[in-house]
Amino acid sequence: METLNVKGMIKNRHLSKAIAEQRLYDFKDKMKYNCEFNGIEFIEVTSDIHLQKLVVIVELLRTI
């Protein structure tokens, strides 16, 4: 799961209401709980990692 700059999005007056209604932190908590419950590794990456690097990281983790 990619981390998002929610504070920065809230500062944008056009996005603030929609972002607040999504309750992204609750979604992350539920996703993390379900992964742990089902024995799936929850990986959180920062947004500065490019997709290509992320694919390489995931492939390396699968081989372990």
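Everything below is about the structure printed above this text.
All figures in this text were calculated on a predicted structure; none of them were measured in a lab.

Let's talk about the overall build of the protein chain
Link 1 in the chain: Helix and strand content of the protein chain: four helices and zero strands.
Link 2 in the chain: Considering the protein chain as a whole, with its 64 residues, one finds that 6% of them fall into the buried category.
Link 3 in the chain: Long-range contacts, defined as pairs at least 24 residues apart, comprise 47% of the intrachain contacts of the protein chain with a sequence gap of at least 6.
Link 4 in the chain: Carbon together with sulfur atoms contributes 58% to the accessible area of the protein chain, which is approximately 5,900 Å² in total.

Examining a nonpolar patch on the surface
Link 1 in the chain: Together, Ile-43, Ile-57, Leu-61 and Ile-64 line one region of the surface with nonpolar side chains, adding up to about 360 Å² of accessible area.
Link 2 in the chain: Structurally, Ile-64 is set in the segment after helix 4 (51-63).
Link 3 in the chain: A residue is classified by how much of its surface remains accessible, and Ile-64, at 83% relative accessible area, is exposed.

Conventions used here
- Per chain, residues are indexed from 1 in the order of the written sequence.
- Restriction of local features to residues with pLDDT of at least 70 applies here, the model being predicted, together with a cutoff of 80 or more for giving and counting side-chain atom pairs; totals for whole chains, interfaces and linings are based on all residues.
- Excluded from the side-chain calculations are hydrogens and water; all other atoms, namely the structure's heavy atoms, are used.
- Helix and strand definitions follow DSSP, with helices as H or I runs of at least four residues and strands as E runs of at least two, each counted in order from the N terminus.
- Exposure is judged per residue with a 1.4 Å probe applied to protein chains only, and the accessible area is read against the type maximum: over 50% gives exposed, under 20% gives buried, and values in between give partly exposed.
- Only heavy atoms enter the contact rule, under which two residues are in contact if any of them lie within 4.5 Å.
- Using a 1.4 Å probe, the Shrake-Rupley method yields the accessible areas, and only the shown protein chains count as cover for residues.
- Here, patches come from residues exposed beyond 30% relative accessible area and free of salt bridges, joined within 9 Å for like charges and within 5 Å for nonpolar side chains (Val, Leu, Ile, Met, Phe, Trp, Tyr).
- Salt-bridge detection follows one rule: a side-chain nitrogen of Lys or Arg within 4 Å of a carboxyl oxygen of Asp or Glu.

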